[in-house]
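# Structural overview
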Amino acid sequence: VFERARKEKQQQYDELKHTDRAAFEVEKIVPAAINGRVDTLFLQNRADIFGTYDPSANAVELEEEKDISNASLLNLATVKTFLQKGQVFLVEPEDMPEEGTLANAVFRF
C-alpha cells in the first residue's frame, strides 16, 4: 500500500515538475511547507541540508554544516508538511523523483 501511494505521488511529481506546482530546490520547498502548500514531500534517505529560515522574508539560507545557529531544513519541512496533512516519503537516492536531488515536493497550489 505504501509503495503504491509513493509511486502514484511520484507520477504526479513527474507530471508537474516543469510547472510551479513542483520543486526540488530546498529554498522553495521549506517556505512552501511552512505555509501549508506542500501536498507531498520526497526526502532522500540519510541526507540532510542545514540552514536557517527567516519568517519575515519567508526565505531560507543554506549553510555547509550543522552548528548551534542553524537546523535541519529537511526536518523542518517534514514536520510542517506532516502537521498540515501532507504526505512524506523517505526514499533511497535511486528512487527520488528528480535524480540527484535531496528533496522533491508537489505543492497544493
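Here the structure is a predicted model, which means the values were calculated and not measured. (Residues numbered from 1 in each chain as written. Predicted model: local features only at pLDDT ≥ 70, side-chain atom pairs only at ≥ 80, totals over all residues. Heavy atoms only, no water.)

This part is about the environment of Leu-43. Looking at the secondary structure, you find Leu-43 in strand β2 (residues 38–44). Measuring from C-alpha to C-alpha, the distance between Leu-43 and Phe-2 comes to 15 Å, with 41 residues separating the pair along the chain. Setting aside residues up to four positions removed in sequence, Leu-43 forms contacts with Leu-74, Thr-78, Val-88, Phe-89, Leu-90, Val-91, Met-96, Leu-102 and Ala-103. (Helix = DSSP H or I, 4+ residues; strand = E, 2+ residues; numbered from the N terminus. Contact = heavy atoms within 4.5 Å.)

To continue, consider helix α3 (residues 73–83). All of the buried residues in α3 are Leu-73, Leu-74, Ala-77 and Thr-81. Along the axis of α3, the buried positions cluster into a sector of 100°, meaning they face one direction only. Exposed residues pointing more than 90 degrees away from the buried face of α3 are listed as Phe-82 and Leu-83. Of the residues trailing α3, Lys-85 is marked for its positive phi of about 70°. (Buried < 20%, exposed > 50% of the residue type's maximum accessible area, 1.4 Å probe, protein only. Arc of directions from axis to C-beta.)

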